[in-house]
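Geometric and topological summary
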Amino acid sequence: MLKVHQIDVFYGNIQALKGVSLEVQEGEIVTLIGANGAGKSTLLKTLSGLLKPKKGTIQYLENSIAGKPAQSIVKAGISHVPEGRRVFANMTVEENLQLGAYLRKDLQGVKQDFERVYELFPRLLERKKQLSGTLSGGEQQMLAMGRAIMAKPKLLLLDEPSMGLAPLMVKTIFSIIEEINRAGTTILLVEQNAHMALSIANRAYVIETGSVVASGPAAELQASEQIKEAYLGGL
Amino acid sequence: MKKVKGFWIYVVLSVVIYGVVQLLINGGILNPFYANTLIFIGINIILAVSLHLVIGITGQFSIGHAGFLAVGAYISAIITMKFQLPFPLALLAGGIVAALAGLLVGIPSLRLKGDYLAIATLGFGEIIRIVFLNIDYVGGASGMQVTHLTTWTYTFICLFITITVITNFTNSRHGRACISVRENEIAADAMGINTTYYKVVAFALGSFFAGIAGGLFAHNFYIIQPGNFGFLKSFDILIFVVLGGLGSLSGSVIAAILLTVVSTFLQDYPETRMIIYSVVLVLVMLYRPQGLMGTREVTDLFGKWKGPKGGNSYGK
Ligand SMILES: Nc1ncnc2c1ncn2[C@@H]1O[C@H](COP(=O)(O)OP(=O)(O)O)[C@@H](O)[C@H]1O
Ligand SMILES: [Mg+2]
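Remember, predicted model here, so these are calculated numbers, not experimental data. (Residues numbered from 1 in each chain as written. Chains lettered and ligands numbered in written order. Predicted model: local features only at pLDDT ≥ 70, side-chain atom pairs only at ≥ 80, totals over all residues.)

The next point concerns the nonpolar core. One finds Ile-46, Ala-48, Leu-69, Tyr-74 and Ala-213 of chain B to be the most contacted residues of the largest nonpolar core, which totals 162 residues. Per-element tally for this core: the top contributor is helix H9 (residues 195-218) of chain B, with 15 residues. Split by domain, the residues of this core number at least three in each of domain 1 (1-77 + 153-234) and domain 2 (80-151) of chain A. (Core = buried A, V, L, I, M, F, W, Y, C linked by C-beta atoms within 7 Å. Buried ≥ 20, exposed ≤ 12 C-beta atoms within 10 Å, placed from the backbone. Helix = DSSP H or I, 4+ residues; strand = E, 2+ residues; numbered from the N terminus. Domains from an automatic or database assignment.)

Structure representation (structure tokens):
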């Protein structure tokens, strides 16, 4: 479904990604793990069109999307939940979700997806008239994810959804991610919390200072000594 | 249904305000000084609301608004004085050319953020003024003679159109997109919202109405000079928006009325005027840093009724 081949991405002169290649098949949960500053967010931003690769190709469903503007990528079915949640703080929950469906014309479908999001996240339904800036961290993460779902993505890009959340909330969020995936959305999950991410993913990639250094089935990586040492705190 | 009803209340209220003032003027009860003050208030409200769209709604800190006022003033004056064409046409042309100037300024500068955008727009405002200063066709520094054509009726119609258009824009899908740019540009981008486009649209629309205000402004005096459009004028407009509360349309309207009244009555003491102005600002910033209205609208105060004054759905 998604095929990233040898991309280089720069911030000015600083190279953040060096020849990164990665693949996501339809229906999978793929996780990309790596330390702070490894280039995980950079990769997602490049996939969603917020950054342009200098080199390399990105194939998505038979189309090349490298360097395309964000609008056309969202339209094509890729939704990005940026790092740090980034909800529209002075808007209500409902208005945030509405903006997620900003590019959609099928009003009937949007209505159904509102219901779907409220089913996935009952807490959002209870708080739909509340300003989203006043939600708890976990609720804001739910809202950011719900808002992305409102765009009706085929591929959902999640950037560190567990960041700064209490363990119980992390569990809730991860089980919702699995539920979204079961309902037919392919997921590329970026995480520092490697343990959790590997436990729900089919396959995984490990990124270090801008390059992919390991990849394989999630269970295999979880068992690998090297990965255990570096990312799982030697568990 | 509720929205439609709110709209009609707004229309009726506007007609009543217009009618009462017009009757007072016709009956000679309102002397020309007061009538002129009302016109001036109307012009300032248009300016405040047009800048509110750029700063309050879209979150782009532009401080060169007087430049677009100048474009509207000069273009409309050229059309009535040099080409002897009708005033409404001049107003429209002033607005359109100001909007074009807004596009010209906005497309390069709206890539900048925060302080940089503020400095760039300030600079552009000054450039526009200096361009007029150096064109002999419009009288250079000594200015240009203009016939007095602005009436309460023209002012009110323009004011009504400005508030209606900007309110509807704010409450539309496009308005929500603009607000999302203000709230969080990265998230808006990720949502597939073309943030640059909306910044430029808001800027051009704001400039258009500033240009209309310019036409009214020019024809409310007998002469216009580049000096009328310096950066202090830009600050005056900025103050309406900030004092009213960033994001509140009714706040900027109230602030424009309040400050115009204050400054009109202090006209003869320009130094005192600036002191009082500063004191008012300092006091507001001390006791109401969010501005008079915060981001709320007057209509919020009437419970459930949400009139067309819009953009009110986002905040406390
Ligand atoms: N806006 C930026 N400008 C310059 N350098 C950046 C910017 N964003 C990230 N970087 C750099 O790119 C590298 C990768 O960052 P990032 O993708 O955010 O890492 P991660 O998400 O894995 O923590 C880091 O070295 C970081 O300092
Ligand atoms: Mg990151």
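Residue and element names in this part refer to chain A. Taken together, Tyr-11, Ile-14, Ala-16, Gly-34, Asn-36, Gly-37, Ala-38, Gly-39, Lys-40, Ser-41 and Thr-42 make up the full set of residues near ligand 1. Counting only elements with at least two residues in the shell around ligand 1, the list comes to strand E2 (14-24) and helix H1 (40-47). By residue number, the principal contributor to the shell around ligand 1 is H1, which donates three residues. For the shell around ligand 1, the class distribution of residues is four nonpolar, six polar and one charged. (Near = placed C-beta within 6 Å. Nonpolar A, V, L, I, M, F, W, Y, C, P; charged D, E, K, R; others polar.)

For the rest of this paragraph, the subject is the packing of helix H6 (residues 152-171) of chain B against H9 of chain B. Residue and element names in this part refer to chain B. As a packed pair, H6 and H9 sit with axes 11 Å apart at the nearest point and diverge in direction by 175°. Accordingly, the angle class assigned to the pair H6 and H9 is roughly antiparallel. Of H9, the residues touching H6 (which contributes Tyr-154, Thr-155, Cys-158, Thr-162 and Phe-169) are Leu-205, Phe-209, Ile-212 and Leu-216. Its residues placed into classes, the contact of H6 with H9 shows seven nonpolar, two polar and no charged. (Axes fitted to C-alpha atoms, helices over the stretch in contact; angles between N-to-C directions. Parallel < 35°, antiparallel > 145°, perpendicular 65-115°, else oblique. Contact = placed C-beta atoms within 7 Å.)

All names here are of chain A. Taken in spatial order, the four strands of this open sheet run E2-E1-E4-E5, and their pairing is antiparallel. What marks the edges here is a single partner per strand, and that holds for E2 and strand E5 (63-64). As paired elements, strand E1 (residues 2-11) and E2 share seven bridges and run antiparallel to each other. Looking at E2, one finds that Phe-10 is bridged to Gln-15. (Pairing = 2+ DSSP bridges.)

This part is about helix H3 (residues 65-82) of chain B. Residue and element names in this part refer to chain B. Across its 18 residues, H3 extends 25 Å between first and last C-alpha, which sits within 8% of the 26 Å expected from 1.5 Å per residue. When you tally the buried positions in H3, you get 16 out of 18 residues, the bulk of the element. Taken from the residues just after H3, Gln-84 is the one with a positive phi, measuring 55°. (Expected span 1.5 Å × (residues − 1).)

What follows deals with the domain arrangement of chain A. How big an interface is tends to be reported as the loss of accessible area on association of its parts. All names here are of chain A. Considered domain by domain, chain A is made up of domain 1 (1-77 + 153-234) and domain 2 (80-151). Measuring from the centre of the C-alpha atoms in domain 1 to the corresponding centre in domain 2 gives 22 Å. Between domain 1 and domain 2, the residue contacts involve 21 residues of the former and 13 residues of the latter. Looking at the side of domain 1 that touches domain 2, the elements that each hand over two or more residues are H1, helix H2 (70-76), strand E7 (155-159) and helix H7 (167-182). Looking at the side of domain 1 that touches domain 2, the element that brings in the most residues is H7, giving five residues. When its residues are assigned to classes, the side of domain 1 that touches domain 2 shows 13 nonpolar, four polar and four charged.

Residues and elements named next belong to chain B. Put simply, H3 and helix H10 (residues 231-244) touch, their axes get as near as 7 Å, and they point 110° apart. Relative to H10, the element H3 is oriented roughly perpendicular. When the axes of H3 and H10 are compared, the crossing they make is right-handed. Together, His-65, Ala-66 and Leu-69 of H3 and Phe-231, Lys-233, Ser-234 and Ile-237 of H10 make up the contact between the two elements. Residue composition of the contact of H3 with H10, grouped by class: four nonpolar, two polar and one charged. (Left-handed = near helix turned anticlockwise from the far one by under 90°.)

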